[in-house]
Amino acid sequence: MPNSDGPFSFANGLAGTFRVETINVTVVGLLTSTFIQGSQRWQSIKLIAGTGLVISTVGFISTVDQTPGGAGMGVQGLTDIWALGPRTQQLVCFPPATQTSTWKITEKGAYIKGQKPASTARVVNLVNYTLSFETMIDYGGTGWRVDTEIDAIQATGPIFVLTSEYPTGSFSNIDRSLVPPNTLVVGRGWSLQNQTSLPGYVLEKFPLKFNITEKKWYTIKTLSPGDGTYTVFIDDQEIAHFNASSYGFGNSNPYIPGGVYKGFAFGPWQDQAAYVRNVNVTLGSGEKVYSNSMLSNDVLIEYGVQTNEMYTCSDSGKRDRFSWLGDRLISSRTVMISTGQEQFVRGPAVEAFSRQISSGQVPINTLFSPLDIEGALIRTTNVDPLLVDYTFDFMQVIYNYWLSSGNDEFLHNYWPLMVAATSYAVSRSLDESTQLYGALSGPKSIPLASEKGQALGPASTVSLILGLERMADMAEYLSYDALAAAYRQQAKISRTAIDTLLWNGTGGFFAAALGASGYDLMDIAQVLLAKIGTADRRKVFTEKLASLKVPAGYINGTRFFDTPGIVNPYYTSFLLEGLAKAGETQLAQELLDDCWSPMVRRDSNYTGAYWEYVSTDGKYPGLDLFTGQSHFWGSYPTTFLTEYVLGVRPTERGYNKFLFAPLSKFKTTWVHGRVPTPKGIIYAAWGYDSNGKINMEVTAPTGTNCTIVPAFNTTYTIGGQSGLSGSTTVGSGETVFLRED
């Protein structure tokens, strides 16, 4: 593990949790890793025991798709940045039946190799109960958890790892100090080992007075009376008893919503494998509330480890995380503008709606595996109300998808579910007294924050505003005029709330939260995107970017001045579009170069894909080995370079009408590109001739109309007619060449 980028025990994601696997070579032939190692850049192979091993070939199994979209720039670095988008999609978006199950159901039971424990949602929040199961260690050990959150952003409840006697022939690289033989190791947190922002600890090791023999069945019972104590038995012999609170066993973080449902899970430690069968849960009263032989393939769906059946996208190519709903706001546009593979936008949306519950809530994160009804209900509810802003983002994802694809059928089919999701999001997030995003939430009534900003602040509230306004646009198209008016009215009220409650006239900024004395980067970005307040206020607020400037872009806000900083490409993606919309070309180009150029620099950190974070000096990924280096949430430059630098962007659904309007004063010598649309490819180009004048050319596919907005204020010539000014139109199937006079 010290030589890998793992472990990453955030979620059971049908992938290698630990990124290291030991293989016992006993036969000649092809050897493959058990787990998917998504976005693998390199592998090291070390012979740890034995001699005479001959490896004839070694490599990766990978696939690469074609890219119908494209863009070329007069500056090579810009072309390279554009190409990060389709390459990242190849690494983080998966067709059905590609993310294979990590468990095997056999006649002996569920065969589980070392991985983050996977949970069932069939029985939850039990008090005073006994979990009993039979297990046979194939090699190394077996593992389980109890009283732990199900698919939530929390990790309480004890971890149990039971090790074998490590017979002759056991892996010689077992960390016997961490997991000694014949021992019950008890831990807490995300794992037995700490990893950056995922803390994990070993609480105690209970040596056994007898050997645990591999290939032999044992019955394990774990008693949880509900008072914080736990007792573990093997074949009715007590092997451990402890009080969790005596270790400083922490409660859930009250500032992280969700995680109300807890249950049990199975999964051994690294380089271990075991069978599990005949799982039973019995209450203190004697009532049996759960029984599973673990012999049916239904187990894979119940525990969320079945092969994916839908098109899905992870937030990072390592495939060890959830599929996050809000990350699609940026990346879905990248997909549509580059590869044009709309199934990777539509598919994750269908997946989310398939797990929507009666409250209207859709899961803001979800497993790749198909889920049964109970699993969808519990796992979706368990992230309520975490990142409700992602639901508003989801409505924008659908709007952007519809605008690019013209898929009216999707809109009609899912409109009732979209309305329900929007109603849920408003009810959970809107603070009625201020009309800002930040309703009181949780047992301690803490105002709800978001991925983008603080509670009762501009960034979070703009998510609500833009989500409602895009819903209004779609409602009007579907002739739901009254509903559209209601959405627009609430958006207008919340716009006014930001402008009146959060503007600090003395400091010249919108405060990051009601009563706050500073501001966040995302506040600036969102204010620009939604055009909050007057143009003068937005201009003054934009000038505050200077206080957040670092070599790789901008830190996240004034409250981060005294903390180790990182640059977040997700946040800077929003800012990049905001600057483009505001006509701040110089700032936009500087940000593009500062934040994303490190990702195309050909050094040891180069992956050909977008990074999750960047260090403030731009020299390395922002969280070092922890950083996802094929991460889709900060991929807006691909869209920016097409929509604002090349200048092609839709103004009517399905590109029936589109703009060719390059960003004025962007520094490059030429740009050309192609944009996939339902009507065919748009070909566009512009650049400077030998006289320093701009030439523009565009072909409108049949069935589309284009409006050209020249990137200069002087006159121009088309087809021998000179002295023209302002915008001009291009008819269906036409090609127009425009030359600056």
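Model, not experiment: these values are computed from the prediction. (Residues numbered from 1 in each chain as written. Predicted model: local features only at pLDDT ≥ 70, side-chain atom pairs only at ≥ 80, totals over all residues. Heavy atoms only, no water.)

Participant: Before we go on, may I ask you to explain the sheet that holds strand 30 (residues 648-650) in this structure?
Facilitator: For sheets, the rule is that strands pair by backbone hydrogen bonds, running either parallel or antiparallel. Ordered by their spatial adjacency, four strands build an open sheet running 30-31-35-38, and the pairing between neighbours is mixed. Each of the sheet's edge strands pairs with one partner strand only, and the pair in question is strand 30 and strand 38 (728-730). Sheet twist, expressed as the mean angle between neighbouring strand axes with direction ignored, is 25°. Pairing geometry for strand 30 and strand 31 (residues 657-660), over three bridges, is antiparallel. Opposite Arg-649, over in strand 31, you have Leu-659 as the bridge partner. (Pairing = 2+ DSSP bridges. Helix = DSSP H or I, 4+ residues; strand = E, 2+ residues; numbered from the N terminus. Axes fitted to C-alpha atoms, helices over the stretch in contact; angles between N-to-C directions.)

Participant: Can you help me understand a nonpolar patch on the surface in this one?
Facilitator: Taken together, the side chains of Ile-23, Val-25, Leu-31, Ile-45, Leu-47, Leu-53, Ile-55 and Val-58 present a nonpolar region at the surface, about 700 Å² in accessible area. With respect to the element layout, Ile-45 can be found in the segment before strand 1 (70-73). (Patch = residues over 30% accessible without salt bridge, like charges linked within 9 Å, V, L, I, M, F, W, Y side chains within 5 Å. Areas by Shrake-Rupley, 256 points an atom, 1.4 Å probe, with all protein chains shown as cover. Salt bridge = Lys/Arg side-chain N within 4 Å of Asp/Glu carboxyl O.)

Participant: Could you clarify how one ought to interpret the packing of helix 3 (residues 328-337) against helix 4 (residues 343-353) in this entry?
Facilitator: Angle between the axes and distance between the axes are the two parameters that describe a pair of packed helices. Between helix 3 and helix 4, the least distance of the axes is 8 Å, while the angle of their chain directions is 145°. Contacts from Arg-328, Ser-332, Val-335 and Met-336 of helix 3 reach helix 4 at Phe-344, Val-345 and Pro-348. Of the residues contributing to the contact of helix 3 with helix 4, the split by class is five nonpolar, one polar and one charged. (Contact = heavy atoms within 4.5 Å. Nonpolar A, V, L, I, M, F, W, Y, C, P; charged D, E, K, R; others polar.)

Participant: Even after reading the chapter, I still don't get helix 10 (residues 521-530), so can you show me in this structure?
Facilitator: Across the 10 residues that make up helix 10, a large majority, 10, are buried. Of the positions making up helix 10, those classed as buried are Leu-521, Met-522, Asp-523, Ile-524, Ala-525, Gln-526, Val-527, Leu-528, Leu-529 and Ala-530. Structurally, helix 10 contributes buried residues whose contacts are with helix 8 (458-477), helix 9 (481-501), strand 25 (509-510), helix 11 (535-542), strand 27 (553-554) and helix 12 (569-581). Remark: Lys-531 follows helix 10 within two positions and exhibits a positive phi of approximately 55°. (Buried < 20%, exposed > 50% of the residue type's maximum accessible area, 1.4 Å probe, protein only.)

Participant: Sorry if this is basic, but what is going on with the environment of Tyr-401 here?
Facilitator: Checked against the element boundaries, Tyr-401 lands in helix 6 (residues 389-405). With near-sequence residues (within four places) excluded, Tyr-401 lies in contact with Met-336, Glu-342, Val-345, Arg-346, Gly-406, Asn-407 and Phe-410.

Participant: What exactly am I supposed to notice about the environment of Thr-148 here?
Facilitator: Looking at the secondary structure, you find Thr-148 in strand 7 (residues 141-149). Once the C-alpha coordinates of Thr-148 and Gly-259 are considered, the two residues, 111 residues apart in sequence, prove to be 8.8 Å apart. Apart from the residues within four sequence positions on either side, Thr-148 is in contact with Thr-156, Gly-157, Tyr-261, Lys-262 and Gly-263. There is a polar contact of 2.8 Å between the side chain of Thr-148 and the backbone oxygen of Thr-156. (Polar contact = N/O pair within 3.5 Å; in protein donor to acceptor, adjacent residues only side chain to side chain.)

Participant: What exactly am I supposed to notice about the pairing of strand 32 (residues 670-677) here?
Facilitator: Within a regular strand, the side chains alternate between the two sheet faces. For strand 32 and strand 33 (residues 680-688), the ladder comprises eight bridges, and the chain directions are antiparallel. When the sheet's bridge partners are listed, His-672 is paired in strand 33 with Ala-685. As consecutive antiparallel partners, strand 32 and strand 33 are separated by two residues.

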